[in-house]
Amino acid sequence: MASDILLYGGFLLVFLSVWGVLDAFLPLVRRGNGFLAPRIASLLVRRAGIGRFTERSKAYAPVAAIVVVGALLTALAGDQFLDLAELVHSKSTVLQDADAKATAWAIAHRSSSATSFFVMVTIIGGPVGVGAIAGMVAIILIIRKRYRWLLYLVVTAGGGGLLNMELKRYFARARPDIAEMIRHASGYSFPSGHAMGSTVVFGALSYLAFRTAVQWRWKTASLALATTLILAVALSRVYLGDHWMSDVAAGVACGLIWLAVTTVAYETLRRVRRMRAQRGAAVIR
């Protein structure tokens, strides 16, 4: 009982800590975006040789900032994934030793309460769990006629699943010893489907929640909850013996890449469409 309280309390503590950091940091980023966006757009305009920084260019400044930030996030996550992929492909002994030590540590610290907690978490972050959650949200979006949000969710979740399948097939990495698994898992190991799937789906849902919420505290809460769930799912795969630590790290990194691509693309199209509609309305007047 005490162990259960400790685990759930730890989950809550991580959530509150991440929430506190995001709640303090993101409003600063928003204010900084108002300062940096025009300058980024101005730089892009000059680089393109367009000439002076027109009013129309200013209108596209937030879009330019979103694209730049998305590109930076994609590059950072991509660099981490490529580093891990190269080590896996070359069968690095350093990586294998680190993975083996992480798995051995997890096995040595198993307990009945921790097993119950991580089994529950891994079910939530598995194909059935994230599929059910995404499906319920999809039904709500259909009822509310949010078809663009529905398309974003389907493309992000579905595309992420297909990408993971192809990556597993390409690297064809073996899983840890089946004798050490608490829950039997089949198929290839790299990158972790649970880690990547939860990153993609929970990340996409947190974006939609971020768009829906009015107050910043609830916007940041949605991001903090998604972050905490992704971390818990990733750790559960190592604890249960289904994946190496590098598998889950690669899954999160690859999930972030795909999530950044689809979210930046959707957000850019949304903002461009809205600006064109506003210009059209101004012409009619």
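Parameters at a glance
Residues numbered from 1 in each chain as written. Predicted model: local features only at pLDDT ≥ 70, side-chain atom pairs only at ≥ 80, totals over all residues. Heavy atoms only, no water. Helix = DSSP H or I, 4+ residues; strand = E, 2+ residues; numbered from the N terminus. Buried < 20%, exposed > 50% of the residue type's maximum accessible area, 1.4 Å probe, protein only. Contact = heavy atoms within 4.5 Å. Areas by Shrake-Rupley, 256 points an atom, 1.4 Å probe, with all protein chains shown as cover. Core = buried A, V, L, I, M, F, W, Y, C linked by side-chain atoms within 4.5 Å. Phe/Tyr/Trp six-rings, centres within 6.5 Å; stacked < 30°, edge-to-face > 60°. Lys NZ or Arg CZ within 6 Å of the ring centre and 35° of its normal. Salt bridge = Lys/Arg side-chain N within 4 Å of Asp/Glu carboxyl O.

## As for the overall build of the chain
If you tally the helices and strands in the chain, you get 10 helices and zero strands. Reading the chain from its N terminus to its C terminus gives the helix and strand order α-α-α-α-α-α-α-α-α-α. A burial count over the chain gives 41% of its 285 residues as buried. Restricting to contacts in the chain with at least 6 residues of sequence separation, those with at least 24 account for 79%. For the chain, the accessible surface area stands at approximately 16100 Å², while carbon and sulfur atoms represent 69% of it.

## Some words on the side chain of Asp247
Mapped onto the elements, Asp247 comes out in helix H10 (residues 245–284). Those residues in contact with Asp247, other than ones at most four positions away along the chain, are Arg173, Ser189, Phe190, Pro191 and Ser192.

## So, the nonpolar core
Counting residues in each nonpolar core, the largest one holds 19 residues, and the members touching the most others are Leu141, Tyr152, Phe202 and Leu208. Listing elements by their share of this core, those giving two or more residues are helix H6 (127–143), helix H7 (147–171), helix H8 (193–212), helix H9 (216–239) and H10. For this core, the element with the most residues is H8, which contributes six residues. Counting 15 residues, the second largest nonpolar core, distinct from the first, contains Leu84, Val88, Val200 and Ala250.

## Remarks on unusual backbone geometry
A cis amide bond links Phe190 to the next residue, Pro191, at an omega of -10°. The topology assignment puts Pro191 in the loop between H7 and H8. Positive phi outside glycine occurs at Lys91, with the angle close to 55°. Tracing the backbone through its elements, the reader meets Lys91 in the loop between helix H3 (61–89) and helix H4 (93–108). Judged by its relative accessible area of 61%, Lys91 falls in the exposed class. Of note in the backbone geometry, Ala172 takes a positive phi value of approximately 50° without being a glycine. Mapped onto the elements, Ala172 comes out in the loop between H7 and H8.

## Regarding the packing of aromatic side chains
Any aromatic ring pair is given by two values, namely how distant the centres are and how the planes are angled relative to each other. This model, assessed by the stated rule, comprises 14 aromatic pairs. Linked through ring pairs, Tyr8, Phe11, Phe117, Phe118 and Tyr239 together constitute an aromatic cluster. Residue placement shows Arg110 over the ring face of Tyr239; its charged tip is 5.8 Å from the ring centre. Over the face of the ring belonging to Phe210 we find Lys219, whose NZ or CZ atom lies 4.7 Å from the ring centre.

## Digging into the environment of Thr115
Relative to the assigned elements, Thr115 resides in helix H5 (residues 112–124). Along the chain, Thr115 and Tyr239 lie 124 residues apart, while their C-alpha atoms are 8.1 Å from each other. Apart from the residues lying within four places of it in its own chain, the contact partners of Thr115 are Ile182 and Tyr239.

## Regarding the pattern of salt bridges
One pass over the structure, following the stated rule, counts five salt bridges. The partner of Arg169 in a salt bridge is Glu166, and the shortest N-O contact between them spans 3.4 Å. A residue pair is termed a helical-turn pair when its members lie 3 or 4 positions apart in one helix, as Arg169 and Glu166 do in helix H7 at three residues. Here Arg169 falls in the exposed class, since its relative accessible area comes to 52%. Its salt-bridge partner being Arg173, residue Asp247 comes within 2.7 Å of it at the nearest N-O pair. Residue Asp247 is found in helix H10, and its partner Arg173 is found in the loop between H7 and H8; the two are separated by 74 residues along the sequence. Note on Asp247: relative accessible area 0%, which makes it buried. A network of salt bridges, in which partner residues are shared, links Asp99, Arg173 and Asp247.

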